[in-house]
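Residue strings, one per chain:
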Amino acid sequence: MASQLKAWISIVLILGMGSIPARAETIRVTIEKMVFTPAVITAKVGDRIEWINKDIVDHTTTVKGGWDVVISSGKAATLQLEQAGPVDFYCRFHPNMKGRVTVTR
Amino acid sequence: MFSRTMTALAVLSLLGSISLAHAADKPTDPQIAHIAYTAGIIDIEAAKQAIAKSKNKDVVAFARDMMRDHEAVNTQALALVKKLKVTPEDNDTSRSLVKAATAERAKQDKFDGTAFDKAYVTNEVTYHKQVNGALETLLIPSAKNAELKSLLETGLKIFQGHEQHAEHVAAGLK
Ligand SMILES: [Cu+2]
């Protein structure tokens, strides 16, 4: 619990996010055995994605020209979706791990 | 194009020699554990040399990624063999891997700058292909213990990621 809270706070600090819309949802993506689940997501601007890494190695969620967040082994990280549009994300350490999020207004 | 063909040929011949060595006798679990652990140590040693020698930030970052992941997998492997009360057993495949890696490190050590970076990263692609081939065709099918097999399968996915990562870094060096 404490470590989850700590991870959440640190990500908020890292992203320095602005106002959070009242209806924002949090979508949970689990990484296990080198796979993002679910790998295909739809969300709205202002929603958050919580990435949970259950693997023994660190991963990242990375978008070319966009976000790049390390999710350490056994930890979670949260980021807020700020722009509409489809984005392909992957793991910078293991580019065979891929997913896509479609963000609408 | 020519060098790519040569690399592919080199990989095939390496895979061939590994499979041939065990065509008759499949490795036992204690031997498989030793081979997998040794393969990890070899990549950690190569990464240490790259961190010491390279001045390219992408190459150094890649080498750090290799160290971190292979150390994590090997820590898991050690915990598993301890739990299963299996003692990893040295064998011809482990010995030939170490021999080839020692020669490769000595070869790379003679290079500096971009020449070193290319030699290291190119070999990382080749080496991960070789290890992944051995995992797929020999080590995973031969593993008897379900937990060992599962760790090898996860290892394979991680190392396939490394292979692609190394290919990306190699493409960036051109
Ligand atoms: Cu990853």
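Preceding this paragraph is the structure being described.
Rules used throughout
Residues numbered from 1 in each chain as written. Chains lettered and ligands numbered in written order. Predicted model: local features only at pLDDT ≥ 70, side-chain atom pairs only at ≥ 80, totals over all residues. Heavy atoms only, no water. Contact = heavy atoms within 4.5 Å. Buried area = accessible area lost by both parts, 1.4 Å probe. Salt bridge = Lys/Arg side-chain N within 4 Å of Asp/Glu carboxyl O. Polar contact = N/O pair within 3.5 Å; in protein donor to acceptor, adjacent residues only side chain to side chain. Donors = N, O, S within 2.8 Å, 3.2 Å for Na, K, Ca; no water. Helix = DSSP H or I, 4+ residues; strand = E, 2+ residues; numbered from the N terminus. Buried < 20%, exposed > 50% of the residue type's maximum accessible area, 1.4 Å probe, protein only. Pairing = 2+ DSSP bridges. Axes fitted to C-alpha atoms, helices over the stretch in contact; angles between N-to-C directions. Phe/Tyr/Trp six-rings, centres within 6.5 Å; stacked < 30°, edge-to-face > 60°. Lys NZ or Arg CZ within 6 Å of the ring centre and 35° of its normal. Expected span 1.5 Å × (residues − 1). Bend = angle between axes of the 7 residues up to and from the residue. Parallel < 35°, antiparallel > 145°, perpendicular 65-115°, else oblique. Nonpolar A, V, L, I, M, F, W, Y, C, P; charged D, E, K, R; others polar.

### Notes on the interface of chain A and chain B
Accessible area lost on assembly of the parts is the figure often given for the size of an interface. With ten residues of chain A at the contact, the number on the chain B side is 17 residues. Summed over both partners, the interface of chain A with chain B buries about 1,200 Å², with 61% contributed by carbon and sulfur atoms. Ranking the residues of chain A by area buried against chain B places A:Ile56, A:Phe93 and A:Pro95 at the top, with a combined share of 42%. Between the two partners, chain A and chain B, sit one salt bridge. Here A:Asp58 ties to B:Arg68 by a salt bridge, and the two come within 3.5 Å at their closest N and O atoms. Linking chain A with chain B are five residue pairs in polar contact (both at pLDDT 80 or more).

### Here's the deal with the coordination of the copper ion
All names here are of chain A. For the copper ion, the protein coordination sphere consists of His 59 (ND1), Cys 91 (SG) and His 94 (ND1), at 1.9 to 2.2 Å. Of note, the copper ion draws all its donor residues from one chain, in the sequence arrangement H-x31-C-x2-H. With a gap of 35 residues between them, His 59 in strand β5 (residues 59–62) and His 94 in the loop between β8 (85–90) and β9 (98–104) connect regions that are remote in the sequence. Assigned by exposure class, His 59 and His 94 land together as buried.

### A short note on the sheet that holds strand β1 (residues 26–32) of chain A
Residues and elements named next belong to chain A. Across the sheet, four strands lie side by side as β2-β1-β4-β7; this open sheet has mixed pairing. Each edge of the sheet is formed by a strand with only one pairing partner; in this case those strands are β2 (35–37) and β7 (76–80). Neighbour to neighbour, the strand axes of the sheet diverge by 20° on average, direction disregarded. Pairing between β1 and β2: three bridges, direction antiparallel. Across the sheet, residue Thr 30 finds its bridge partner in β2, namely Thr 37.

### Topic: the side chain of B:His128
All names here are of chain B. If you trace the backbone, His 128 turns up in helix α5 (residues 113–142). Relative accessible area serves as the criterion here: at 1%, His 128 is assigned to the buried category. With near-sequence residues (within four places) excluded, His 128 lies in contact with Asp 43, Met 66, His 70, Phe 159, His 162 and Glu 163.

### What about the packing of aromatic side chains?
Two aromatic rings are characterised by how far apart their centres lie and by the angle between their planes. Residue and element names in this part refer to chain A. In the structure shown here, the tally under the stated rule is five aromatic pairs over all chains. Taking the centre distance of 5.9 Å and the plane angle of 75° together, the rings of Phe 36 and Trp 51 count as edge-to-face. Note that Phe 36 is positioned in strand β2 and Trp 51 in strand β4 (residues 48–53), a separation of 15 residues in sequence. Given a relative accessible area of 3%, Phe 36 falls into the buried group. Between the NZ or CZ atom of Lys 64 and the centre of the ring of Tyr 90, over which it lies, the distance is 5.0 Å.

### Observations concerning α5(B)
All names here are of chain B. An ideal rise of 1.5 Å per residue puts 44 Å on 30 residues; α5 measures up with 41 Å between its terminal C-alpha atoms. Leu 135 marks the point of greatest bend in α5, at about 50°. With respect to burial, α5 is a largely interior element, 21 of its 30 residues being buried.

### Section: the pairing of β9(A)
Residue and element names in this part refer to chain A. Residues Gly 99, Val 101 and Val 103 line the buried face of β9, whereas the alternating positions Lys 98, Arg 100, Thr 102 and Thr 104 sit on a face that is not buried. Examined bridge by bridge, β8 and β9 share six bridges and lie antiparallel to one another. Paired with Pro 86 across the bridge in β9 is Thr 102.

### Notes on the packing of helix α2 (residues 29–53) of chain B against α5(B)
All names here are of chain B. Packing of α2 against α5 brings their axes to within 11 Å, and their N-to-C directions diverge by 170°. Accordingly, the angle class assigned to the pair α2 and α5 is roughly antiparallel. Note on element contacts: α5 touches α2 through Phe 116, Tyr 120, Glu 124, Tyr 127, His 128, Val 131, Leu 139 and Ser 142, opposite Asp 29, Ile 32, Ile 35, Ala 39, Ile 42, Asp 43, Ala 46, Ala 47, Gln 49, Ala 50 and Lys 53. Partitioning the contact of α2 with α5 into residue classes produces twelve nonpolar, three polar and four charged.

### As for the pattern of salt bridges
Applying the stated criterion to the full structure yields 14 salt bridges over all chains. As a salt-bridge pair, A:Glu50 and A:Arg28 come within 3.0 Å of each other at their nearest N and O atoms. With A:Glu50 in strand β4 and A:Arg28 in strand β1, this pair connects stretches of sequence that are 22 residues apart. For A:Arg28, a relative accessible area of 54% puts it in the exposed group. Overlapping salt bridges bring together A:Asp58, B:Asp65 and B:Arg68 as one network.

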